[in-house]
Amino acid sequence: TLVAQGRKSEASDRWLMVLDMQADHEEALRNASQHYMERDMRDAVKEILYNAVEHRTENASILLSALDIAKHEGDHVRIDTLNELIALSPQVTPKRIVKIANDYVKEDLFDNAIRVLKNGLQAHPNDQALLHSLAEVHEKLGREDLAMQYYEEVANQSARSKLGKEADKRLSQSVPVLTDRERGSKWLAWREVIGIFLLFFILAWEDAGLNVA
């Protein structure tokens, strides 16, 4: 009503009152931002956007707008935080999340990529693209056992899809790897010792011309 009467400043005050009650109210934020932009008050726009982020908004458009500002200002710490929050938003597609992770991989920021992808899996459980991307990142880091675990999850989702076929192919090419727990297992060590002993025992017995049976 105030906007219709040309009383935009008063209307903006009311939008801010709405944002005090709900920091990520989309209509209030959009109108308040428009009012500030008309007056070239960019810091005020940034303040209400970042306030919505601090209140843990899941609204993708708000998060992406805040990300644009952070990128423009070169605020890398805030960029990383926003990327992780964006990945948690159900409104953001797995394709977009994989792109964010790939950008981190290009900069050799593998831990950032893993955090983003894992957040994405919270919003999109068992998504093939996210699982496949996680497998690739771990493979680049030389974590073969973890990579194979994720490839196996990808194949289990759908072996007929493009990513499923790629994962299945990668699994067939992999060499079995012992985990740290298996390497330190006394039972596994004794099992190998006994197996080798029996093999040589049987060979020696047969070499002597005796019937093993």
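Here, every reference points to the structure presented above.
Read on for an overview of the structure. What you see is a predicted model; the values in this text were computed from it and never measured. (Residues numbered from 1 in each chain as written. Predicted model: local features only at pLDDT ≥ 70, side-chain atom pairs only at ≥ 80, totals over all residues. Heavy atoms only, no water.)

Take the overall build of the protein next. Summing up its helical and strand segments, the protein has 12 helices and zero strands in all. Secondary structure elements of the protein occur, N-terminal to C-terminal, as α-α-α-α-α-α-α-α-α-α-α-α. Scaling as 2.2 N^0.38, a compact globule of 213 residues should have a C-alpha radius of gyration of about 17 Å, whereas the protein reaches 28 Å, well beyond that. If one aligns the C-alpha atoms of the protein with their principal axes, the spans along those axes are about 110 × 35 × 30 Å. A buried classification covers 33% of the 213 residues belonging to the protein. Across the protein, every contact between residues at least 6 apart in sequence was considered, and the portion connecting residues at least 24 apart equals 42%. (Helix = DSSP H or I, 4+ residues; strand = E, 2+ residues; numbered from the N terminus. Rg over C-alpha atoms; globule rule 2.2 N^0.38 Å. Buried < 20%, exposed > 50% of the residue type's maximum accessible area, 1.4 Å probe, protein only. Contact = heavy atoms within 4.5 Å.)

Enumeration according to the criterion identifies one aromatic pair in this entry. Ring geometry for F197 and F201: centres 6.2 Å apart, planes at 20 degrees, overall stacked. With F197 and F201 both in helix α12 (residues 186-207) and four residues apart, the pair spans about one turn of that helix. The positively charged end of R78 is found above the aromatic ring belonging to Y50, 3.8 Å away from the centroid. (Phe/Tyr/Trp six-rings, centres within 6.5 Å; stacked < 30°, edge-to-face > 60°. Lys NZ or Arg CZ within 6 Å of the ring centre and 35° of its normal.)

Below, the discussion takes up the nonpolar core. With 49 residues, the main nonpolar core has L29, L82, I97, L117 and V137 as its most contacted residues. Elements with a minimum of two residues in this core: α2 (26-38), α3 (42-54), α4 (60-73), α5 (76-88), α6 (94-106), α7 (110-123), α8 (128-140) and α9 (144-157). Discounting chain neighbours no more than four positions away, the residues touching V137 are V105, F110, A113, I114 and L117. (Core = buried A, V, L, I, M, F, W, Y, C linked by side-chain atoms within 4.5 Å.)

Turning our eyes to something else, we now look at α2. In this model α2 runs 18 Å from its N-terminal to its C-terminal C-alpha over 13 residues, within 8% of the 18 Å that 1.5 Å per residue would give. Buried residues belonging to α2 abut α1 (8-21), α3 and α4. Backbone geometry just downstream of α2 places D40 in the positive-phi region, at approximately 55 degrees. (Expected span 1.5 Å × (residues − 1).)

Taken together, W187, W190, V193, I194, F197, L198, F201, I202 and W205 make up a surface patch of nonpolar side chains, about 960 Å² in accessible area. Structurally, I194 is set in helix α12. (Patch = residues over 30% accessible without salt bridge, like charges linked within 9 Å, V, L, I, M, F, W, Y side chains within 5 Å. Areas by Shrake-Rupley, 256 points an atom, 1.4 Å probe, with all protein chains shown as cover. Salt bridge = Lys/Arg side-chain N within 4 Å of Asp/Glu carboxyl O.)

Let's shift gears to the pattern of salt bridges. Going through the model one piece at a time under the given rule, you end up with 10 salt bridges. Here K8 ties to E38 by a salt bridge, and the two come within 4.0 Å at their closest N and O atoms. Highlighted residues: K8 in helix α1 and E38 in helix α2, separated in sequence by 30 residues. The salt bridge involving D103 is made with K99; its shortest N-O contact spans 3.4 Å. Remark: K99 and D103 occur in helix α6; sequence separation between them is four residues, near one turn of the helix.

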